[in-house]
Amino acid sequence: MPLSRREFVAWTGASGIALGLSRLALAEEPEFIARETLPGPLGLNPGIVGKGRIDGVAKVTGAKLYVSDFRAKDLPGWPADTSHALLVRSPDASHIYEGLDLDRLTADARPSAVVAAEDLVRAGTRVPAFYSGDLLCPAGSTPLYLGQPVALLIFATFDAYDRARVQFRDGSLIRFGAETGPLTRPNYGAWRFTRIAGATPDSPDVYAPIQEGWISPGFSDGGGRPIWRPLPVAEGGQYAKGATYGEEIRKELAANNPELLVVAGDFETQSIDPMFLEPECGLAWYDGGNRSLELILGVQSPYEAAEAVEYLLGEAAAEVKPDRINAQFAYVGGGFGGKDHTPFPLYVALAGLFFPDRPVRLAHDRYQQFQGGIKRHAFKMKTQIGVDRASGKIVAFAADHVLDGGGLANYSPSVAVVGATAALGIYDAPKVDVTTVALHSRAVTAGSMRGYGTLQTMTALEVLIDEAAMALPLDPIEFRRRNLLKTGGKSMTGTPFTVSVRTPELLDKLEQHAIWRDRVVEKSRVTAGTLVGTGVACVIKDYGTGADCSLGRIEVAADGSISVWADAVEMGNGIGTAIANRVALQLGGVGHTVAVAQIGMFDELGLVTSGDPYTMTQEAQDEAAKNPRWVPAISSATSASIGAHVGTQAVAQAAGIVFRFGLWPAALELWGIPKGDPRVYLWEEAYWQGDELIMSGLPPLPLSKVAAKAHEQKGVTGAMGHAFSRWAWSQASFPIGGFDWEIDLDALAVRYGGGPFQSLDRTSVAFPPTDYNRIGTAFVSGCGTAVRVEIEAATGAVRVAKAYSVVECGQALSTELVSGQAQGGFAMAVGQTLHEDLPLYEDGPGNGQWNLGDYVIPRASDLPIHDLEIEVLPPISPKEGPKGIAEVVMIPAVPALLNAIHDATGHRFNRLPVTPDMIRGVLS
Amino acid sequence: MTSLSLTINGNPVGPIEVRDELSMNDFLREILNMTGTKFGCGAAQCLSCAVIVDNPDGSSHTNPTCVVPAVNFNGKAIRTVEGHAKDGVLTPLQRAFIEHFAFQCGYCTAGFLNEGQVLLERLASAPIPREALEKTILEALDGHLCRCTGYVRYHDAVRDVILADPGRYLT
Amino acid sequence: MSELRTPTILAAAGALLIAASFATAWAVSGATSDTLAAPESFASITDEAARSAAIFTELGKVLTSPRCLNCHPSGDRPTQGDEMRPHQPPVFRGADGMGLDTMRCTICHQKANYDPGRIPGHDPWFLAPFEMGWQGKTLAEICAQVKDPERNGGRSFADLVHHIGDDTLVGWAWSPGYGRTPAPGTQKEAKALVQAWVDTGAGCPE
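Residues numbered from 1 in each chain as written. Chains lettered and ligands numbered in written order. Predicted model: local features only at pLDDT ≥ 70, side-chain atom pairs only at ≥ 80, totals over all residues.

Q: Before we go on, may I ask you to explain helix 4 (residues 133–141) of chain B in this structure?
A: Within an α-helix, residues lying three or four positions from one another point in the same direction, as the helix has 3.6 residues per turn. Residue and element names in this part refer to chain B. Taken together, the buried positions of helix 4 are occupied by Thr136, Ile137, Ala140 and Leu141. The buried residues of helix 4 all sit within an arc of 115 degrees when viewed along its axis, so they share a single face. Looking at the buried side of helix 4, the elements it contacts are helix 3 (109–125) and helix 5 (152–163). (Buried ≥ 20, exposed ≤ 12 C-beta atoms within 10 Å, placed from the backbone. Helix = DSSP H or I, 4+ residues; strand = E, 2+ residues; numbered from the N terminus. Arc of directions from axis to C-beta. Contact = placed C-beta atoms within 7 Å.)

Q: I'm lost on the interface of chain A and chain B in this one. Help?
A: As a measure of interface size, the accessible area lost when the parts come together is often cited. Contact with chain A, which involves 51 residues of that partner, is made by 46 residues of chain B. Contributions of two or more residues to the side of chain A that touches chain B are made by helix 2 (56–60), helix 4 (158–168) and helix 21 (815–835) of chain A. With seven residues, helix 21 of chain A is the single largest residue contributor to the side of chain A that touches chain B. Considering only residue class, the side of chain A that touches chain B consists of 19 nonpolar, 17 polar and 15 charged. (Nonpolar A, V, L, I, M, F, W, Y, C, P; charged D, E, K, R; others polar.)

Q: What is the right way to read the pairing of strand 7 (residues 149–155) of chain A from this model?
A: One face of the sheet, then the other: side chains in a regular strand alternate in exactly this way. Residue and element names in this part refer to chain A. Most of strand 7 is tucked away, with seven of its seven residues classed as buried. Note: strand 4 (residues 83–89) against strand 7, six bridges, orientation antiparallel. When the bridges of strand 7 are listed, His84 appears paired with Phe155. Pairing geometry for strand 6 (residues 113–115) and strand 7, over three bridges, is antiparallel. Across the sheet, residue Val114 finds its bridge partner in strand 7, namely Leu153. (Pairing = 2+ DSSP bridges.)

Q: Sorry, what's going on with the interface of chain C and chain B here?
A: Tallying the contact residues gives 15 residues for chain C and 19 residues for chain B. At the level of elements, strand 4 (103–104) and helix 4 (105–108) of chain C are the ones that each hand at least two residues to the side of chain C that touches chain B. Of the residues in the side of chain C that touches chain B, the class split is nine nonpolar, four polar and two charged.

Q: Would you mind showing me how to read the packing of helix 7 (residues 302–313) of chain A against helix 8 (residues 344–353) of chain A here?
A: Packed helices, taken two at a time, are described by the angle their axes make and the gap between the axes. Residue and element names in this part refer to chain A. Taken N-terminus to C-terminus, the directions of helix 7 and helix 8 make an angle of 50 degrees; their axes are 9 Å apart at the nearest point. The angle between helix 7 and helix 8 places the two elements in the oblique class. Helix 8 is crossed by helix 7, and the crossing has right-handed handedness. Seen from helix 7, the contacting residues are Ala305, Ala308, Val309 and Leu312; seen from helix 8, they are Pro345, Leu346 and Ala349. Looking at the contact of helix 7 with helix 8 residue by residue, the classes come out as seven nonpolar, no polar and no charged. (Axes fitted to C-alpha atoms, helices over the stretch in contact; angles between N-to-C directions. Parallel < 35°, antiparallel > 145°, perpendicular 65-115°, else oblique. Left-handed = near helix turned anticlockwise from the far one by under 90°.)

Q: How should the confidence of the model for chain A be read in this particular structure?
A: As a general rule, the predicted coordinates of low-pLDDT regions are not to be interpreted in detail. Residues and elements named next belong to chain A. On average, residues of chain A score 91 in pLDDT, and 95% of them are at 70 or above. Here residues 1–14 is a poorly scored stretch, pLDDT under 50, and it has 25 contacts once near neighbours within four places are set aside; other chains count. This model gives residues 20–28 a pLDDT under 50, and the stretch forms 39 contacts once residues within four places in sequence are excluded. (pLDDT = per-residue confidence, 0-100.)

Q: Would you mind showing me how to read the nonpolar core here?
A: Side chains of nonpolar character tend, in soluble globular proteins, to be buried together. Among the nonpolar cores identified, the biggest contains 352 residues, and Leu152, Val309, Ala351, Val658 and Leu897 of chain A are the most heavily contacted of them. At 14 residues, helix 19 (residues 649–671) of chain A tops the list of elements feeding residues into this core. Ranked by size, the runner-up nonpolar core spans 30 residues in total, among them Ala54, Met84, Val146 and Val194 of chain C. (Core = buried A, V, L, I, M, F, W, Y, C linked by C-beta atoms within 7 Å.)

Q: I would appreciate a short explanation of helix 8 of chain A in the present structure.
A: The buried fraction of helix 8 of chain A is high, at 10 of 10 residues. For helix 8 of chain A, every residue scored as buried is listed here: Phe344, Pro345, Leu346, Tyr347, Val348, Ala349, Leu350, Ala351, Gly352 and Leu353 of chain A.

Q: Just to check I follow, could you spell out the environment of Asn851 of chain A for this structure?
A: Relative to the assigned elements, Asn851 of chain A resides in the loop between helix 21 and strand 33 (868–873). Considering only alpha carbons, one finds Asn851 of chain A and Pro302 of chain A, 549 residues apart in sequence, at a separation of 28 Å. Among residues more than four places away in sequence, those in contact with Asn851 of chain A are Arg366, Tyr367 and Phe370 of chain A together with Cys41, Ala43 and Gln45 of chain B.

Q: What exactly am I supposed to notice about the packing of helix 21 of chain A against helix 22 (residues 893–905) of chain A here?
A: All names here are of chain A. Helix 22 packs onto helix 21 with a crossing angle of 55 degrees between their chain directions and a minimal axis gap of 8 Å. Considering the angle they form, helix 21 stands oblique to helix 22. In this structure, helix 21 meets helix 22 at a crossing whose hand is right-handed. Facing Phe826, Ala829, Val830, Gln832 and Thr833 of helix 21, the residues of helix 22 in contact are Ala893, Val894, Leu897 and Leu898. A class-by-class count of the residues in the contact of helix 21 with helix 22 yields seven nonpolar, two polar and no charged.

Q: What should I look at first to understand unusual backbone geometry in this one?
A: For residues besides glycine, phi is generally negative; the peptide bonds are generally trans as well. Here the bond from Leu912 of chain A into Pro913 of chain A is cis, since omega is -10 degrees, no more than 30 degrees from zero. By the element assignment, Pro913 of chain A lies in the loop between helix 22 and helix 23 (916–923). Cis peptide bonds are those with omega within 30 degrees of zero, and the linkage from Gly14 of chain B to Pro15 of chain B qualifies with 5 degrees. Here Pro15 of chain B shows up in strand 2 (residues 11–18). Phi at Ala44 of chain B takes a positive value of approximately 60 degrees, unusual for a residue other than glycine. Tracing the chain through its elements places Ala44 of chain B in the loop between helix 1 (24–31) and strand 3 (51–54).

Q: How should the pairing of strand 1 (residues 2–8) of chain B be read in this particular structure?
A: All names here are of chain B. Bridging between strand 1 and strand 2 involves six bridges; their strand directions are antiparallel. Within strand 2, the residue paired with Ile8 across the bridge is Asn11. As consecutive antiparallel partners, strand 1 and strand 2 are separated by two residues, and within that stretch Asn9 has a phi angle of approximately 55 degrees, a positive value. Across two bridges, the pairing between strand 1 and strand 5 (residues 77–79) is parallel. If you follow Thr7 over to strand 5, its bridge partner there is Ala77.

Okay, here's the thing in structure tokens:
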């Protein structure tokens, strides 16, 4: 089929496979991209009037949108019939796997193809480092973890697949031999974050990770646990130096100093399933004639998924190695982190490759999703806070975290670091020592999930802070206020946050709220058999990962309609709507059509990359930056709450270019303002009211008229760009309109009039320095929650009676989306605190028998749906950009609920979830 | 194999020979390619897969499709998410879901829409007092799981449709 | 399927109760937890009241099986699964024991088990009336309840023999479908026990 360059964007990596991420040719069925572009040229766009999401109509009419909606017959150019694959996972990780009893399948349930570990060896597939471990457990080995896949079975018909699925479900067709016990593996990473502040706020730190580098211990015991003593290590930082400071802090806390209040506590958090409602799914078709592997996927990290598949097959045997891979990405039915860097697309690709010329669908059912999907890490934490009794100021803080990472490393090292560096929450302490280690275990793999380690560590913190306040005693909010990290103050790694820190306002709001104000009165109004309690907590949470990318493209047609493409993924977060709204700030019209999860629409930028943005040296970055097409990374996952801040960035910057060099010159001509008139330079003073461009003293101009003129003038009517953030945006200058124009993009292409896009060579570029990688985080948003609970003493049942969350997010691109996130985050927090629990090992989800009857997530009746108040603070200045909040809104509700339960029962629970039985236990 | 005929969104479907074990959810999604009806848990615990069944007596109820064999729907009349809007005109409930930003990822939306629609129709034939409204909505929707939204806006949307036409739904 | 999941305290308490009750019967009959002893195996107990109580205790293995208890809740919400967790989605008995208007039992629980969906079914499917709730009770309490027409649905002893021995909804407990442990023994064996219990004077365990 003939494909234009626009329609098939491809690049060739080291593997020699052309990797494309694109649209397909037109046929009777609407193209996939057409279905995924919303609301579509003729569709009603609720986003235009701020009355809904751009995907609103599609989602209330059941349009095909999610990857699980697609079958081969929906895809133009594909064969009509869909085959189905079953990924068989092991419910055992203590015995030797010996193979499958396929002979015991009924004759009408036999697979047409069976892929086992030895087939992958023969095919020469490779496992991307991130997923290191056998993709399929070889016969003769003990599975590395519960739920590890052992075979991929492919069925020509749905009926055969459906029968086999049922026959496999009790695990009896999987043969096991001798007991070996679970496999042990080294830990996934261990770090120590120690900071000793200087004598005064202005003096430099005595010791800080930002100065000295991050340190890890060099030794571990037989079980993979690190030895934290200050033993020297051969490489990787001066461990002994940092650890010596750390041990001093520990000694100080242990010294029985009467002037120092030391509160210490253990806290355990449970394993959680993200429980997105759409189980993981994908479609693959290996077109043997064209040696092309077509993939339809639904993940939060499309670029990574495509690269992982490319790596998987990069050195494969000639007969299975495709010449090109064409991956397309759909709307995502919930993610919460669990669809970011999942190995699932690798299995989808294998299913296609091992059943050539037949489209194959691989889809988890819910039991399989519990068995194989990424989980939230269970944490075990010890925390100590030392407070000067006289001043009520925290003088020392120490914590030790142990994470159960499950069977594959995945994001475990990163979650450990992010959790550790958040362990001090909103507070300032001059002496800090935090250790963390992520362990391998036979549990189902843990990875990214909303909160990403910080939910765990800040929950432990915020309940201990409450305990410290009561021990002093000080009012819990006053104690928090005295210890706040102020704007410009240094975080645990030794760097100040570079965005506003509005925790004083959040605390004021919590203190003034009726839930908190009336807590004593309400508690005294106890009816027989009911206990009432009130709790509060406040956190800040980083957003961004330190290597965040954004790709955006915008085109304004001569009729004023605006089309937008972005690489960010829509998983419910409203990114498409946020992008459309951010465009409206610049261009007067929201994006009329928005296509998200697009990574193949930016070919004209000609981007190249090399190295690892997290670990590269400054010299390597400087050298690479000489190539005007080089960027530190090309595309990143939609996760880490980066939607508003990062996901909209490239489109917003591109829209600014279109305005400045396309619409503004057109408006000047329409207004009859000649060259040389000083008003030519007042473009920043013009603004949009609806779709009319307003400039004081001049007649308003409709966007359609301005756009037509811009096309006529052959001004800039389209722009695409790439943005990169390492706790600061890359900045570059581009030759445009006679200027050397500096913007927060590192690559830019524009089109003039209706012409093709042309890449502009940057004339200078400033990438954020590589030592920013030691910062940990520089971007934070804040949220505080106050909550009232009523506990039925007889049953221990907790009713969440009222709640209030206050969140600061800079410029809200859509307050409805922000408050919606906050409502959903609160619900998830209630689940984490009171309901949800996955045993880690044999009794847990890895056994393949878990579903929503056992794993109870909150329903409306578990929530104060009519008494949940969300307040979104206005930006601190009109210039304040959007900040990511999708994670932070979940976190304070967990410790606030725990503090409320303590207030009601007098007992501090230090293990989640707090069940009615646990409460009844302490009340009896 | 059993011959299956039914009415979907007013249109006759079948007769089609289907396997007795085939679930209604797979019949809709795999055989008819009607994927607006979702698959969430396969165990009738999330109700993402619920469709409306119109009974001969004029009443309606929602029915999960994942735990019911397709053949049990023989002779029945059902409605799915694809059938609510007529000639491109959205129903008041569909509009309310959009205007309230009721859903986020939208995967549970079909189930909530069907349940909310059945409730509206039930109240239209048997109005309730205003003070019973929130509880009635909660009772009707509580079987449906949503992981994104915290449910607030779904409930507000249904309530506002009812309050916008009190003469019809309330006593 | 063997039970792998963490039981709720409710289930744990139930298990404890069952185990304690079984101890007596096992001592005499030697039957294991998934089988039922024949009435004759209690012949060695000479005291008829004691024999009757022992027979009821053996029958108690059926009555306190999750298959029976799940739909004999002491409140309005049934439980489900071998671990007897609260029914998901939340359903309630309603006016006729067949659910609320918004969620009737029979929309999911149809005329027969549907094994691919792991869901049980039978025509009809409904909750035991409130006064016949057994959950959380000792076997002695259940025994007293079963004999009391006020709390057994107005049944005579003959009705009880028929209900336990012949009713097809009760009979479902012995063929409950994938993922659920059947009630011990067979319905026929249970009928023999209840008949023998009646014949020995319907004595109750202490």
